[in-house]
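Descriptive analysis of the structure
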Amino acid sequence: LHFLRFNSIITASSGVITSLSSNIQLGRNCNMQAIADRVYASGDRAALKEAAASGAEDEAYDLFFRIWTRREAFAKALGESAVKSDLPAVLPDRVEFTGQGGKVSAYLISDIPAEEAVFSASDRPEEKLYAAVCMEDDGSQIPEPVFVRI
C-alpha cells in the first residue's frame, strides 16, 4: 500500500549513481495468481507457481511480494509502470532490458533486508513489509538502504 508513511533513504559512499529507485510494499491479501498471470514475466510466474504448488502458502506469499517490490523498483528505474507486461523477470539480481531504439541496459535489483520492517498497529494484526532497490549496473554495488518511518 503506497499510502503508508515509510520512506527509504539510500546513500552511496562514493561514485555517482545514475539511476536508482526503491519500493516498499505492505503485504496484503489479493488474488496473487491472477495478478501474476496478468503482469509478471514468464520466469517470475513459473517461480511463483512452483512455490504455490509446494503447498507452502507463506513461501508463495513472500515470493509474490518479493517479485512485486522488485518489479516496482525496476519499473521506477526505467520510468515505466510495474503493470507493463513486457518487463523482464526480476528475480535475477541482474536484469537486462532493451529500451527504445534497441539500447540494452543492465540493472541490479536487490531485496532490502527487512529485519526492522515489521510493525503492528492497534487496528490490524502484525504485517510484513517487503522492499527492494534497483539501480543501473555501472560496475558499482547497490548502496545500503536505511528505513525511516515518518
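Keep in mind that what you see is a predicted model, and the values were worked out from it rather than measured.

Time to look at the nonpolar core. Judged by nonpolar contacts, the single largest core of 26 residues is most densely connected at Tyr40, Leu48, Phe74 and Cys134. Put simply, the parts of the chain that give this core at least two residues each are helix 1 (32–39), helix 2 (42–53), helix 3 (57–78), strand 3 (94–98), strand 4 (104–111) and strand 6 (124–136). Ranked by the residues each element gives to this core, the list is headed by helix 3, at 11 residues. Beyond its immediate sequence surroundings of up to four residues, phenylalanine 74 is in contact with Ser21, Leu87, Pro88, Val90, Val95, Phe97, Tyr107, Ile109 and Cys134. Core analysis: the second largest hydrophobic core is formed by 6 residues, Leu26, Ile112, Ala131 and Val133 among them.

Direction of pairing for strand 3 relative to strand 4: antiparallel, over a ladder of 5 bridges. Following the sheet pairing, phenylalanine 97 is matched in strand 4 by serine 105. The hairpin formed by strand 3 and strand 4 contains 5 residues between the paired strands, and glycine 101 there has a positive phi angle of roughly 75°.

What counts and how
Residues numbered from 1 in each chain as written. Predicted model: local features only at pLDDT ≥ 70, side-chain atom pairs only at ≥ 80, totals over all residues. Heavy atoms only, no water. Core = buried A, V, L, I, M, F, W, Y, C linked by side-chain atoms within 4.5 Å. Buried < 20%, exposed > 50% of the residue type's maximum accessible area, 1.4 Å probe, protein only. Helix = DSSP H or I, 4+ residues; strand = E, 2+ residues; numbered from the N terminus. Contact = heavy atoms within 4.5 Å. Pairing = 2+ DSSP bridges.

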